[in-house]
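Each chain is listed here by its residues.
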Amino acid sequence: MADLELYDRRDCPYSKRVRAKLDELGIDYEETVVPDKHTEREDVYERTGQRGVPVLFDPHLEDGWLADSEEIVAHLDRVHG
């Protein structure tokens with residue numbers, strides 16, 4: 001099982017940016033595609049208190065997760081690059 005988990009949407013440009021960075025770095029991750037409707041994103045809400053995507057869960061993070069694509073990409077470069 002991969003250490004990293006990504007909650008995303010396939011058509012979201014921010015999610016695509018994060019997936020591209022993960023692929024570029026050759027990082028294995030577990031992907032969970034969330035529903036289109038924010039109100040149906042209970043899994044990510046229960047874990048983070050918010051419903052936006054992308055969300056990356058990484059044990060290297062102090063809080064365990066990030067929810068901003070720019071911050072996620074910078075973190076991936078810094079820690080996994």
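Being a predicted model, the structure only gives us computed values, none of them experimental.

## Quick look at the pairing of strand β1 (residues 4-8)
- Of all the five residues making up β1, five are buried; the element is thus mostly covered by neighbouring parts of the structure.
- Bridge analysis of β1 against strand β2 (residues 29-33) gives five bridges, and the strand direction is parallel. Bridge pairing links Leu-4 to Tyr-29 in β2.
- Handedness of the β-α-β unit built from β1, helix α1 (residues 13-25) and β2 comes out right-handed.
- Here β1 runs beside strand β3 (residues 55-57); their pairing, made up of three bridges, is antiparallel. Residue pairing for β3: Tyr-7 is matched across the bridge by Val-55.

## Focus on the side chain of Asp-8
- Note on placement: Asp-8 falls in strand β1.
- By relative accessible area, Asp-8 is classed as buried at 0%.
- For Asp-8, the contacting residues outside a window of four places in its chain are Ser-15, Arg-19, Glu-31, Thr-32, Val-33, Val-34 and Val-53.

Thresholds applied
- Residues numbered from 1 in each chain as written.
- Predicted model: local features only at pLDDT ≥ 70, side-chain atom pairs only at ≥ 80, totals over all residues.
- Heavy atoms only, no water.
- Buried < 20%, exposed > 50% of the residue type's maximum accessible area, 1.4 Å probe, protein only.
- Helix = DSSP H or I, 4+ residues; strand = E, 2+ residues; numbered from the N terminus.
- Pairing = 2+ DSSP bridges.
- Right-handed = clockwise from strand over helix to strand, strands pointing away.
- Contact = heavy atoms within 4.5 Å.

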